[in-house]
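Here's the letter readout for the chains.
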Amino acid sequence: MTPATPDIDDFTRPYWEAAAAGELLVRRCAACRRPHHYPREFCPHCWSEDVHWERASGRATLYTWSVVHRNDLPPFAGRVPYTAALVELAEGVRMMSEVVECAPDRLAVGMELEVAFRAQGDGVTVPVFRPSQPAQGQSSSRSQASPGASRR
């Protein structure tokens, strides 16, 4: 396990197995019907333990982001610059992720995104997001940032 490898246990295993199969899951409470993310064994809204996994649509909007130019921890050092982001899923929950296939100067709050999946070298597949319609001239999964780019 590396610092970037999630701690997969019996509770989170369905999430990571779904990601490996190209599906994004969120948790939904059967009592109050509200979704939540990050996954918990209880509802953070009403405290019910009657929660279950649900397939998310994979659609999201960009809430905020920051272009990371320096990160000395593996495996991030080999990926700089990259765009760390907070996205709002169509289901109404926010999640931390990364925006790929889009130059930082083309990012905008509220832009439409769709989930994609990146297989890590450690055998884990993680959800990342890309523009719903690929940005013109951007086909790489790694952003090319200018030194002055920053959080918007």
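The structure we're discussing is the one just above.
Counting of residues starts from 1 at the beginning of each chain's written sequence and follows it residue by residue. With the structure being a predicted model, the display of local features is reserved for residues of pLDDT at least 70 and the display and counting of side-chain atom pairs for 80 or more, all residues being used for whole-chain, interface and lining totals. The basis for every side-chain value is the complete set of heavy atoms in the structure, and neither hydrogens nor water enter the calculation.

Asker: Can you explain the packing of aromatic side chains? Please cite residues and give values.
Answerer: Pairing of aromatic side chains here covers Phe, Tyr and the six-membered ring of Trp, requires ring centres within 6.5 Å, and sorts the geometry by plane angle: under 30 degrees stacked, over 60 edge-to-face, intermediate tilted. Tallying each qualifying case throughout the model produces five aromatic pairs. Each ring, one from Phe11 and one from Trp53, has its centre 5.8 Å from the other, and the planes form 35°; the classification is tilted. On the criterion of sequence distance, the pair formed by Phe11 in the segment before helix H1 (13-20) and Trp53 in strand S3 (residues 51-55) is long-range, its members being 42 residues apart. Its relative accessible area of 19% is what places Phe11 among the buried residues. Ring centres of Phe42 and Trp47 lie 5.2 Å apart, and the angle between their planes is 5°; this geometry places the pair in the stacked category. Feature note: the residues Phe11, Tyr15, Trp16 and Trp53 constitute an aromatic cluster, connected by ring pairs. Positioned over the ring face of Tyr38 is Arg40, at 4.0 Å from the centre of the ring. Put simply, DSSP marks the helices as runs of H or I at least four residues long and the strands as runs of E at least two long, and each gets a number from the N terminus on. Note on exposure labels: buried denotes an accessible area under 20% of the residue type's maximum, exposed denotes more than 50%, and partly exposed covers the range between, all computed with a 1.4 Å probe on protein chains only. Criterion for a charge above a ring: Arg CZ or Lys NZ at most 6 Å from the ring centre, at most 35 degrees from the ring normal.

Asker: Can you explain the sheet that holds S3? Please cite residues and give values.
Answerer: Sheets are built from strands that pair by backbone hydrogen bonding, the pairs being arranged parallel or antiparallel. Should DSSP find at least two bridges between two strands, the strands are taken to pair. The strand order across the open sheet built from three strands is S2-S1-S3, with neighbouring strands paired in antiparallel fashion. Strands at the two margins of the open sheet, each flanked by one partner only, are strand S2 (35-36) and S3. Sheet topology places strand S1 (residues 25-29) next to S2; two bridges connect them, and they run antiparallel. The residue bridging Arg27 from the neighbouring strand is His36, located in S2.

Asker: Break down the nonpolar core for me, with residues and values.
Answerer: In this text, buried Ala, Val, Leu, Ile, Met, Phe, Trp, Tyr and Cys residues form a nonpolar core when linked through side-chain atoms within 4.5 Å. Membership of the largest hydrophobic core comes to 28 residues, with the highest contact counts inside it found for Leu24, Leu62, Val87, Leu89, Leu113 and Phe129. Secondary structure elements with two or more residues in this core: H1, S1, strand S4 (59-68), strand S5 (82-89), strand S6 (94-99), strand S7 (112-119) and strand S8 (125-131). No other element matches the four residues that S4 contributes to this core.

Asker: Now, about the pairing of S5: what can you tell me, with residues and values included?
Answerer: Most of S5 sits inside the fold, with six of its eight residues counted as buried. Sheet topology places S5 next to S6; six bridges connect them, and they run antiparallel. The residue bridging Ala85 from the neighbouring strand is Ser97, located in S6. Taking the residues between adjacent antiparallel strands as the criterion, S5 and S6 are bridged by four residues, where Gly92 takes a positive phi near 100°.

Asker: Lay out H1 in plain terms, naming residues and giving numbers.
Answerer: Looking only at H1, the buried set comprises Tyr15, Trp16, Ala18 and Ala19. Taken end-on, H1 shows its buried residues confined to a sector of 160°, consistent with a single buried face. Those residues of H1 that are exposed and aimed more than 90 degrees away from the buried face are Glu17 and Ala20. Against S1, S3, S6, S7 and S8 lie the buried residues of H1. Positive phi shows up at Gly22, right after H1, with a value of about 85°. Summarising the geometry, the arc corresponds to the directions from the helix axis toward the C-beta atoms. Contacts are assigned to residue pairs that have any heavy atoms within 4.5 Å of one another.

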